[in-house]
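Chain by chain, the residues:
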Number of protein chains: 4
Amino acid sequence: MKDLGIGIIGTGFMGRSHAMAYAAAAGILPGVPRLRLVAVADVDEGAAARAAAQFGFARHTTDWRDLVSDPAIDAVAITTPNVLHREMALAAIAAGKHVHCEKPLAPTAADARVMTQAAEAAGVVTQVGFNYLKNPLLGLARDMVAAGELGTIHSFRAIHAEGFMADPDLPHAWRLDPSGGPGALGDIGSHAIALARFLLGPVDAVWADLETVIKDRPVAAGARERKPVLVDDIARLALRFARGCRGTVEANWVATGRTMQLAFDIHGSRGALSFTQERFNELLFHRAGGDPRHAGYVRIEAGPQHEPYGHFCVAPGHQLGFNDLKTIEVADFLRAVAGGPRRGPDFREALAVQEVIDAALVSAREERWVAVPG
Amino acid sequence: MKDLGIGIIGTGFMGRSHAMAYAAAAGILPGVPRLRLVAVADVDEGAAARAAAQFGFARHTTDWRDLVSDPAIDAVAITTPNVLHREMALAAIAAGKHVHCEKPLAPTAADARVMTQAAEAAGVVTQVGFNYLKNPLLGLARDMVAAGELGTIHSFRAIHAEGFMADPDLPHAWRLDPSGGPGALGDIGSHAIALARFLLGPVDAVWADLETVIKDRPVAAGARERKPVLVDDIARLALRFARGCRGTVEANWVATGRTMQLAFDIHGSRGALSFTQERFNELLFHRAGGDPRHAGYVRIEAGPQHEPYGHFCVAPGHQLGFNDLKTIEVADFLRAVAGGPRRGPDFREALAVQEVIDAALVSAREERWVAVPG
Amino acid sequence: MKDLGIGIIGTGFMGRSHAMAYAAAAGILPGVPRLRLVAVADVDEGAAARAAAQFGFARHTTDWRDLVSDPAIDAVAITTPNVLHREMALAAIAAGKHVHCEKPLAPTAADARVMTQAAEAAGVVTQVGFNYLKNPLLGLARDMVAAGELGTIHSFRAIHAEGFMADPDLPHAWRLDPSGGPGALGDIGSHAIALARFLLGPVDAVWADLETVIKDRPVAAGARERKPVLVDDIARLALRFARGCRGTVEANWVATGRTMQLAFDIHGSRGALSFTQERFNELLFHRAGGDPRHAGYVRIEAGPQHEPYGHFCVAPGHQLGFNDLKTIEVADFLRAVAGGPRRGPDFREALAVQEVIDAALVSAREERWVAVPG
Amino acid sequence: MKDLGIGIIGTGFMGRSHAMAYAAAAGILPGVPRLRLVAVADVDEGAAARAAAQFGFARHTTDWRDLVSDPAIDAVAITTPNVLHREMALAAIAAGKHVHCEKPLAPTAADARVMTQAAEAAGVVTQVGFNYLKNPLLGLARDMVAAGELGTIHSFRAIHAEGFMADPDLPHAWRLDPSGGPGALGDIGSHAIALARFLLGPVDAVWADLETVIKDRPVAAGARERKPVLVDDIARLALRFARGCRGTVEANWVATGRTMQLAFDIHGSRGALSFTQERFNELLFHRAGGDPRHAGYVRIEAGPQHEPYGHFCVAPGHQLGFNDLKTIEVADFLRAVAGGPRRGPDFREALAVQEVIDAALVSAREERWVAVPG
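Mind showing me how you'd approach the overall build of chain A here?
The helix and strand tally for chain A stands at eleven helices and 17 strands. Over its C-alpha trace chain A gives a radius of gyration of 21 Å, about what one expects of a compact globule, namely 21 Å for 374 residues. In chain A, buried positions account for 66% of the 374 residues. Looking at chain A alone, contacts between residues at least 24 apart form 70% of all its contacts between residues at least 6 apart. Working note: accessible area of chain A is about 12,000 Å², and carbon and sulfur atoms make up 53% of it. Across chain A, the 38 positively charged side chains and the 42 negatively charged ones have centroids separated by 3 Å.

This is the structure:
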C-alpha cells in the first residue's frame, strides 16, 4: 500500500481538528495507511502557513483549487463553511480525489445530492464529519438496538444544545448567512439527526418548529448597526421512523450554560439507553426484568472492550477526548480509501440527513408533517 | 379558628398520600388549622375501614355522597379516578365544601370549566394535586424566572417520563378508558403542563403528536383476550407561551427504566436552570458571565433557606421526600380555607392546564397548531 | 394492644424530628401500636408549650423528671444534648419506661455501659437514633453483604462530612463542651461507625488521628472573647474489622460545602457498593463478571421492592425524605415495645459504637492501634 | 532551535502512551521543538519493531544501552518497570540525555535520590510521568488554593482506587515483586501523593496502614502453584502537611468496580473542591458565602479558559482524553529541554513523593507517625 497524500482545506476549529487527527491516526489505529501530509489551503496565507508548519504539512496555498488539483494528493479534507462544500467537493471528485467533508454536507439536499451522485459516479470514497458517531459507546448503543437488547423501540428523544450563539451581541457571520442553509438546524441539528439515523434508521416523516430567538445581531463585531437574523436559533422536530417508532429532536444554539449537550434517550420494551456527549465516556443502560432489588440504570464506562478504545488506552475508565473521536473518523476514512470496509457516514448518509433537514424546513414553513424522500 | 372537618374520597395511591398529608400538615407547617379527620369513603368497604383505622379518621363509608353531605366535614379531598371528579366535586361544592381534587381535574376542559365556575360561584377554596409544584426548589425556580435572574427566556423543555405502562401485558384499567380523557397526556402530561405554566405563565398555542405504542392490552389481568387501547402512551407537544418563548413537553408512560423523570431545562439570556424530579432536592443553575474559570452549573441543594423546607428539617441537604410535597400542598389548601393566601394551583389553574390538553387533542387530530383559550 | 403513652424530652432539631415521627408512624407503617401523645418536656417552657401544641401532645412540662415518672407514659424519647442522656435514661428505666435515645448514646463508653446494663436488667426496649441506618437501601446493602453478593470484602471507607461548624466565629455551645465527649467523632463519627458495624459487623481495633481545626471560638454569639476548643473538628480513623477486612472512617464537621455527606464505598471480590446520604434514595452497585460490554455501577433507585418504602409510596423513584427515616426508626421501636422483633440499634449496639469511639480517643492520645473491647 | 532526537525505552501501556504523545505534542501545543523520533528499545524485538513502525521511529533495538548512547538522541523516555528506572536513568544522564521517566521514579527514595543528584549534577532536564497533574482543571485547583480562594485549608482526602488487581487468580508479575518497592502504595499511591503535594505542598509526617488483601497468587498465568504476595494491595495513609493541615490518602488496586478513581476533596474556610479522574473534565467548586438561595457546588467544565485546553479544542465542554494529558506532559518536558520554564514534576519532586512512600513503609512497619525528610 503506497503512502496516501493528504490535503486539508480550511484551518479553523475543524481544520485544526482534522490536521491533528490525520497526524495521529496511523500511529494509533491499526490498518491505517501511512500518509504524506502534502498541503494546507486557506484564504488567509498566514493561517495556511502556520497550520502547515504546525502540523507538518509539506506546503501551503491560498488557492484551494491548487490543492485539489495536486497529483500528490489522494484525499482532500474540506473544513470550510458549508456554503463552500459543494464547489470544493465537486472539484476534488472531478480530480479523482477521495473526499472527507465536514458537516453539514451542504446548504440543501439538492446540493448534497449532486455531490453524492458525483462521488458515487467517480467511485471515490467519501466521509462526512459526524464525529460524535465514532464514539465507541455509540457503536455499542447502535449494536444493542440492532440486536434487540432493548426490545421494540418505544421512543426516541435527542437534544443538541449549546450556548455559543446565546449572546445577542455576537455579530453576523457565516453560520448566520441563509445561503448556508438553516441555522442551528443545520449546524448542530444535523448531528442529532445523524445520531437518530445511526441508532434507529431512516426517518419517514418530520414535523418542525423553527424559531429565531435573537431577532437581529450586529453587522460586525462591535458594530452598532444590526441586521435581522434569517436563520433559526432553535429547531424542534418530531420524527416518524421507518421502523415504526417516533421521537423528537431539538437543536438549540442559544442554550446558555450548555457547551456540548448532544444527548439522547431511547426507551424500548426490554430496556433503555441514556447518553449525553457531556460525559461521552459513559452510557446509561437499563435492562427490564432481572432482580427487582437492583433495578436501575447501569453507568457503562468506556473501556478496551468497546472497539476501538483499546488502541488509545489499554485501561478502562481512562477516557477518550474529543480529538480521539476525530482520529477514529479519519482512520475509518483512510482504511476505506485503502480498500477496507466503508464505515461511513458517507455522502449518501449525509444526503439522507440533509433530506430530513429540508423536510423540516418545508414543515416549519407549511406547518404540517412532511414526508422525507426514501 | 375552629377545627376543620376533613373527608377523603378514595384510598388508593393518592388516597393514602392525602391521608398521610392531612394527618401530618398541622404538626409540621405553621398556620395550619387543626383538623378533625371525619370520614373516608371508598366503594370497597374493607379498604375504607382499613384506611379510616390506619389514618385515624372517625368513620368510613362506601357512599361518597354520604361523606360529601356530612355537615361535620368542611373540606373534601377527591382522590378517585378522574372520570369521577366532576360529579363528586360538584356535589361537594353544592354542599358548601372546600374541595381538594387530584389531577387531572377532569376528562375535558368543558368538565373542568363547569367545576371551576361552580366553585367560584360558591366561593369555596379549591386545590388541585399538582404536588410536584410544591417543591421549595421549584418555588425558587419560578421566583428566579420572575425576577429576571435568567434574563429573557430562550427556551423550555419538559419531560414527564415513567415506565409504569411499558409492559404490554398490563391489562386495561381506568387510566386507559377514554371516558377519562387522554392517556399519558392527561395523567402525567398534566404535571408537565402545570409545571410549564408555573414557571413561564400562560400557553398561547400548542401542537401535539399523540401515539399509542401498545396497540392492545389484555381485557383483564391474565386474560388472553385483548382489546385495543384508545388513549395515548406518548404525547409530544410544542408550546408557544404568551410571554413570547417556545418549548416542548413530552409525556411518556411507556418509558422503560424511568420512574419519576419530571424534568425541565430553561435557558435564558442570562442563565439557565435544569431539574429532574428524580433528584428533586437539587436544582442546577447556570449564571452567564462571572469568572470564566468557574463557569458551570451550580447544584443547588434544598435547605431551610428555601421555604418551607426548614419546617421539615433545620439542616440543609437532609432532603424532603415525596410525601412532604403532598404535606405542603395540604397545608397551602388548609391555610387558604382558614382565610390565608390562596397559593393554588386551584380549579381555575387546573382548567387552564386542561385547556392546553384539549388543544393538544385537537392539534393531534387535525395536525395543526391550535390556539389555547386565554 | 393498649395504646402506648409517649413522652418526649427536648424540642430542638431532634425533638421536633421525633415528634413528627411519633405523630406519623402509626398511620404509615403496619404493626405500630396506637399512641397517646402524653407530654413534652423542655427547660424552656415556651418551647415546651409550643411543641406540645404543635404536635398534639396533651401536656408540657419544664421538668423532665415529672415526664419520666408519669404513669401514663410507657416510652420516653430523649433528644437532649448527650451529656444529659445518662441521667435521663437511667431515671426512665428505673421508672420502667422503654427508652428511645438520640445518638451518641453518652459521652463515654462507661456511661453507655451503665445505661445498657440498666436497660437490660429492667427488660425495657431501647432504641438509639442512628436514623440513617433505617434507609431501605442500606438494609439492602447490608443484606447483600451478608448474602455474599459482594464476595469477600476487600475494603471499606466511610465519610461523614458536614460544614456546619466551619465558621470560626460560631460560638461555643454544648457540642463543643468536652463533658459531652469528643467533637465531630462523637457527633457525626458515631453515625459512620454505626454504619460500619451495620454493614460489616464488629470492629476489633482502631487507630485515630483527631484534629481541632478551629483552635478557639467566641465564648458566646457575637462575643469578642474567645476560648480554646478542646474537642476534635476532624477525626480520621483506621479500622480493623473482626471479619478480617480493614477500612477508614472520617468524621469532619468543618467540611465547608458539604451538608449531609454520609458516604461509603465497599469493595469485595465479587462486587462493590457506593453510597452517599446526599442522594440517599440511590445505591450504586457494581457486580464483577457479566457481559463486559455493560460493565459499570448500577444506580439502584429506592422503590416498594425495598421494605418499607412501599408503605410511604407505592411508586418507585418518588423518594423518601429525612423525616421518613425517623418514622421508620420510631415504628421499629414501637413494634418492639409492642412485643415485635427488636430491630435496633439498641443501647447494646450504641455501646459498641461508643467503645470504638473510646478506643479512638485512646489511640489519638497514645498514637497507636487500640483494641476495641469485644 | 534544532530538532530534538527522541528515544523511548519500553513499549507497554506507557510506552505506547509516550509514543503517541511525542508524535502529537509539537503539532498541538505551542513552543514545542520539532522532534526526530530516533529509536525504540524493547527486550522483545518484535514489540520494538512494531512500535517503531507504528509510531514512526527511525529504528528499533533490543538493547536499551544502545539507545541511551545514541548521539542522535537528546532525550530518553523510560517506560519500563520501575525496578529498571535507576540503571537506565543513570546511564542516560551519564550520556548527557534529558530524561523523561515513568512513575514511580524508583523502588526506594534512596534510588530516587541518587537519580536526582545525578540529574542535577549533569544539568539535564527531567520529567516524571505523573500525567494526571497535567489536567488543566487541576492546574486551576492548585491556583485556587495558592490564591487563597478556598481560605485556610481545613482538610484533604485523596483516593486512588482501581480494580485491576482484584482478581485473586491474576498471577505474579513485576508489579508484585518487592524488588520494585511497595505495591499499590508505589504504583497508584504515588499518583495520589504527587497530587497532594501538587495541591497543598510538602508533607511533614505520615502514618500508614498497609494491607495485602490477596495473600497469594498463581506463580504464572494459569498455574496451580501459588506463592505469597509480599506487597500491599491497599495503603491507607494519614498525612500532616507543612502548611498545617492534615489529610488522608488511600491507594487501592483491589477496588472492584473502579477503573480510574483518582479523587480528592479539599475543604477550606472559604470554599471547597471535589474532583475525580473518572470525570476529569469537571471540577466541583463550592464557595462559602454568596446568595444562600444558590448555595451548592459548581460543576466547572473544562474549556479553553483553562490552559492549555484551548490548543486541543477551541470549544468548551468537548473534553480532553487521557492521552491528551500525556501530550501536555511531553510538551512541558520538551519546552523545558528547549530552554523554557521547567514545569515538572521533575526527579526532585518525584524524590519527595518517594520520601513520603518510604516514610509510609516505616510507619506501617513500626506503627507510628514518621517524619518525612524535608
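In this structure, what is going on with the relation of the copies chain C and chain D? I would like to understand it.
The two copies are related by a screw operation: chain C maps onto chain D through 180° of rotation and 0.0 Å of translation along the axis, at an RMSD of 0.0 Å. The transformation relating the two chain copies, once decomposed into turn and shift, fits a two-fold axis. The C-alpha atom lying nearest the rotation axis in chain C is that of Arg368(C); the distance is 3.3 Å. The residues that chain C uses at the interface reappear at the interface of chain D in 100% of cases, marking a shared surface.

What is the right way to look at the sheet that holds strand β3 (residues 59-61) of chain D in this model?
Strand pairing within a sheet occurs via backbone hydrogen bonds; the two strands may be parallel or antiparallel. Residues and elements named next belong to chain D. Strand order in this open sheet of six strands is β3-β2-β1-β4-β5-β6, and the pairing throughout is parallel. Edge strands, defined here as strands with exactly one partner in the open sheet, are β3 and β6 (126-128). Between one strand and the next, the sheet's axes are offset by a mean angle of 20°, whatever the strand orientation. The sheet contact formed by strand β4 (residues 75-78) and strand β5 (residues 98-101) spans four bridges and is parallel. Looking across to β5, one finds that Ile78 is bridged to Cys101.

Hey, could you run me through the nonpolar core in this one?
As a rule of thumb, nonpolar side chains are buried together in soluble globular proteins. Core analysis: the biggest nonpolar cluster contains 511 residues, and Leu237(A), Phe264(A), Phe264(B), Phe264(C), Leu237(D) and Phe264(D) have the highest contact counts within it. In this structure, Leu237(A) is in contact with Leu185(A), Ile193(A), Val206(A), Trp207(A), Ala208(A), Gly247(A), Thr248(A), Val249(A), Val356(A) and Ala360(A), ignoring residues within four places of it in sequence.

Which parts of the structure should I look at to understand the interface of chain A and chain B?
Many analyses report the size of an interface as the accessible area lost when the parts associate. At the interface, 42 residues of chain A touch 42 residues of chain B. Of the roughly 3,100 Å² buried between chain A and chain B, counting both surfaces, carbon and sulfur atoms make up 49%. For Arg258(A), the salt bridge goes to Asp265(B), with nearest N and O atoms at 2.9 Å. For the side of chain A that touches chain B, the class distribution of residues is 16 nonpolar, 15 polar and eleven charged.

Hey, could you run me through the domain arrangement of chain A in this one?
Residue and element names in this part refer to chain A. Per the domain assignment, the segments making up chain A are domain 1 (4-131) and domain 2 (133-317 + 342-366). Centre-to-centre separation of domain 1 and domain 2, based on C-alpha positions: 25 Å. Facing the 33 residues of domain 1 at the interface are 28 residues of domain 2. Across the domain 1-domain 2 interface, the total number found is three salt bridges. For Asp187, the salt bridge goes to Lys103, with nearest N and O atoms at 3.7 Å. On the surface where domain 1 and domain 2 come into contact, there are 13 residue pairs in polar contact (both at pLDDT 80 or more). Counting residues per element, the side of domain 1 that touches domain 2 draws most heavily on helix α5 (residues 109-122), at eight residues. Among the residues forming the side of domain 1 that touches domain 2, the class breakdown is 22 nonpolar, eight polar and three charged.

What is the right way to read the confidence of the model for chain A from this model?
Interpreting fine coordinate detail is not advised for predicted regions of low pLDDT. Predicted confidence across chain A gives a mean pLDDT of 96, with 100% of residues reaching 70 or more. Note on the complex model: pTM 0.97, ipTM 0.96.

How should I be thinking about the pairing of strand β15 (residues 282-287) of chain D in this particular structure?
Residues and elements named next belong to chain D. In terms of strand pairing, strand β14 (residues 271-276) meets β15 through four bridges, oriented antiparallel. Residue Ser274 lies in a different strand from β15, and its bridge partner there is Leu284. Connecting β14 to the antiparallel partner β15 that follows it, the hairpin turn spans five residues. As paired strands, β15 and strand β16 (residues 296-301) are joined by five bridges and run antiparallel to one another. Counted as the bridge partner of Leu283 is Ile300 from β16.

Rules and cut-offs
Residues numbered from 1 in each chain as written. Chains lettered and ligands numbered in written order. Predicted model: local features only at pLDDT ≥ 70, side-chain atom pairs only at ≥ 80, totals over all residues. Heavy atoms only, no water. Helix = DSSP H or I, 4+ residues; strand = E, 2+ residues; numbered from the N terminus. Rg over C-alpha atoms; globule rule 2.2 N^0.38 Å. Buried < 20%, exposed > 50% of the residue type's maximum accessible area, 1.4 Å probe, protein only. Contact = heavy atoms within 4.5 Å. Areas by Shrake-Rupley, 256 points an atom, 1.4 Å probe, with all protein chains shown as cover. Lys, Arg positive; Asp, Glu negative; His and termini not counted. Charge placed at Lys NZ, Arg CZ, Asp CG, Glu CD. Least-squares fit on C-alpha atoms with pLDDT ≥ 70 in both. Pairing = 2+ DSSP bridges. Axes fitted to C-alpha atoms, helices over the stretch in contact; angles between N-to-C directions. Core = buried A, V, L, I, M, F, W, Y, C linked by side-chain atoms within 4.5 Å. Buried area = accessible area lost by both parts, 1.4 Å probe. Salt bridge = Lys/Arg side-chain N within 4 Å of Asp/Glu carboxyl O. Nonpolar A, V, L, I, M, F, W, Y, C, P; charged D, E, K, R; others polar. Domains from an automatic or database assignment. Polar contact = N/O pair within 3.5 Å; in protein donor to acceptor, adjacent residues only side chain to side chain. pLDDT = per-residue confidence, 0-100.

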